[in-house]
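The lines below spell out each chain.
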Amino acid sequence: MTAHITLTRPDDWHVHLRDGEALHTVVPHTSAQFARAIVMPNLKPPVTTAAQALAYKQRILDAVPEGQQFEPLMTLYLTDQLPADEILRAHEAGVVAVKLYPAGATTNSSAGVTDIRHTHATLEAMQRVGMPLLVHGEVTDPEVDVFDREAVFIERHLMPLRRDFPELKIVLEHITTREAAQFVVQAGKHTAATLTAHHLLYNRNALFMGGLRPHYYCLPVLKREVHRQALLQAAASGSDRFFLGTDSAPHAAPLKEHASGCAGCYTALTAIELYAEAFDSVGALDKLEAFASFHGPDFYGLPRNTTQITLHRQSWTLPEQLPYGETSLKPLRGGESLAWRMA
Ligand code: DOR
Ligand code: ZN
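Residues numbered from 1 in each chain as written. Chains lettered and ligands numbered in written order. Predicted model: local features only at pLDDT ≥ 70, side-chain atom pairs only at ≥ 80, totals over all residues. Heavy atoms only, no water.

Below, the discussion takes up the overall build of the chain. Each helix and strand counted, the chain has 11 helices and 13 strands in total. In terms of overall size, the chain behaves like a compact globule, its C-alpha atoms giving a radius of gyration of 19 Å where 343 residues would be expected to give roughly 20 Å. Overall, the C-alpha framework of the chain stretches about 50 × 45 × 40 Å when taken along its three principal axes. Among the 343 residues that make up the chain, the fraction classed as buried is 57%. When contacts within the chain are restricted to residue pairs at least 6 apart in sequence, long-range pairs at least 24 apart make up 72% of them. (Helix = DSSP H or I, 4+ residues; strand = E, 2+ residues; numbered from the N terminus. Rg over C-alpha atoms; globule rule 2.2 N^0.38 Å. Buried < 20%, exposed > 50% of the residue type's maximum accessible area, 1.4 Å probe, protein only. Contact = heavy atoms within 4.5 Å.)

Here it is as structure tokens:
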């Protein structure tokens, strides 16, 4: 049995860092593991201009502990009104991507897109400058079963989008279904997907094990075991179109343990350990480094990292909760044991 593995330092290609005081809890977790992270723009109000993205980047950098090297990669939030010339300003300012939330699909998405046709001029500008579109791929149609919303989004919206903008780089974020994995494989070199650790490790039974488990609730929601198996197979295939994106999404514990609990799993504290467990479960530890450290920068056209991290096979218990301002934050698997530990 492999006792330790050394990897090129990974990047997180999808994370929620929030803002204000929360940054001081969550940024150090991400910056301890990852060299860079794609930072989601779903703040209140959303990050819709290059100037806002640069100011937010500085607030994140101010929360990085002394001695750690960490580069936040900033994104803009696509709205029906985001002007094409903001894309050019953002591109010049070093903003790396734009996030599409269908309006109402998830946390802080009310300013999102109501009809993709409203955004065509903006998407054209992105295609021209090579800026990726990051997609929350779920329909919001209340008639569609919540477990089918990703598959229906692919048919109704993503396939036409792929056809209309053949050169646009598209990342289907946090995929949860066999249909999504198949779509990415067949869609050609400009289409990729991120995979979260929680969707690789859990199926929807986790939500109901011995009672309702709000800390396993995220969007897109966990799916059936056949889908989890398809995601694991995609990750372990070594295909360069799948890469690491934690979708770590902190919410104060009382807002998750609530009559209408918030969506999001907090995994940033032990992200790479959770991915190691998932890859190990299918005998694919040898594929972890490319998934975590190579495929992302290659797709985005950024250099790979040059430093390394080491993981040891060592059983340890994760704290059940962490202080989070006046309240607490419960990491996924809190109070339980993990099989790997980053040195
Ligand atoms: O579970 C989720 N939480 N999914 C999302 O799409 C958003 C995220 C958040 O911001 O909390
Ligand atoms: Zn997310």
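There's more to say after this.
Surrounding the zinc ion (ligand 2) are the protein donor atoms His-14 (NE2), His-16 (NE2) and Asp-247 (OD), which sit 2.0 to 2.1 Å from the metal. Here the donor residues for the zinc ion (ligand 2) map to a single chain with the spacing H-x1-H-x230-D. One end of the pair, His-14, is in strand S2 (residues 12-15); the other, Asp-247, is in the loop between strand S9 (242-244) and helix H9 (253-256), and 233 residues separate them in sequence. No difference in accessibility class separates His-14 from Asp-247, as the two residues are buried. (Donors = N, O, S within 2.8 Å, 3.2 Å for Na, K, Ca; no water.)

Before going further, it helps to spend a moment on the environment of Cys-262. Along the chain, the position of Cys-262 falls in the loop between H9 and helix H10 (271-281). If sequence neighbours within four positions are ignored, Cys-262 has contacts with Tyr-217, His-251, Leu-255 and Lys-256.

The environment of ligand 1 is made up of 13 residues, and the closest members are Arg-18, Asn-42, Thr-106, Leu-219 and His-251. The side chain of His-16 places a nitrogen or oxygen atom 3.3 Å from an oxygen atom of ligand 1. For ligand 1, an oxygen atom lies 3.1 Å from a polar atom in the side chain of Thr-107. Contact with the protein chains hides 100% of the accessible area of ligand 1, taken as 290 Å² for the molecule alone. (Near = heavy atom within 4 Å. Polar contact = N/O pair within 3.5 Å; in protein donor to acceptor, adjacent residues only side chain to side chain. Areas by Shrake-Rupley, 256 points an atom, 1.4 Å probe, with all protein chains shown as cover.)

The subject of this paragraph is helix H5 (residues 149-164). Taking 1.5 Å per residue, 16 residues should reach 22 Å; H5 reaches 22 Å between its end C-alpha atoms and fits that length. Glu-155 marks the point of greatest bend in H5, at about 40°. On its buried face, H5 sits against helix H4 (120-129), strand S6 (133-135), strand S7 (170-172), helix H6 (178-186) and strand S8 (191-195). (Expected span 1.5 Å × (residues − 1). Bend = angle between axes of the 7 residues up to and from the residue.)

Together, Asp-145, Asp-148, Glu-155 and Glu-179 make up a negatively charged patch on the protein surface. Within the secondary structure layout, Glu-179 lies in helix H6. (Patch = residues over 30% accessible without salt bridge, like charges linked within 9 Å, V, L, I, M, F, W, Y side chains within 5 Å. Salt bridge = Lys/Arg side-chain N within 4 Å of Asp/Glu carboxyl O. Lys, Arg positive; Asp, Glu negative; His and termini not counted. Charge placed at Lys NZ, Arg CZ, Asp CG, Glu CD.)

Once that is clear, we can look at the sheet that holds strand S1 (residues 4-8). Judged by pairing direction, the sheet is antiparallel, and its 3 strands sit side by side in the order S1-S10-S13 without closing on themselves. Strands at the two margins of the open sheet, each flanked by one partner only, are S1 and strand S13 (337-342). Here the average twist between neighbouring strands, direction ignored, is 30°. Here S1 pairs with strand S10 (residues 308-317) via 5 bridges, running antiparallel. Note that in S10 the partner of His-4 across the bridge is His-312. Running over the sheet, H10 touches S1, S10 and S13 and is turned about 110° from S13. (Pairing = 2+ DSSP bridges. Axes fitted to C-alpha atoms, helices over the stretch in contact; angles between N-to-C directions.)

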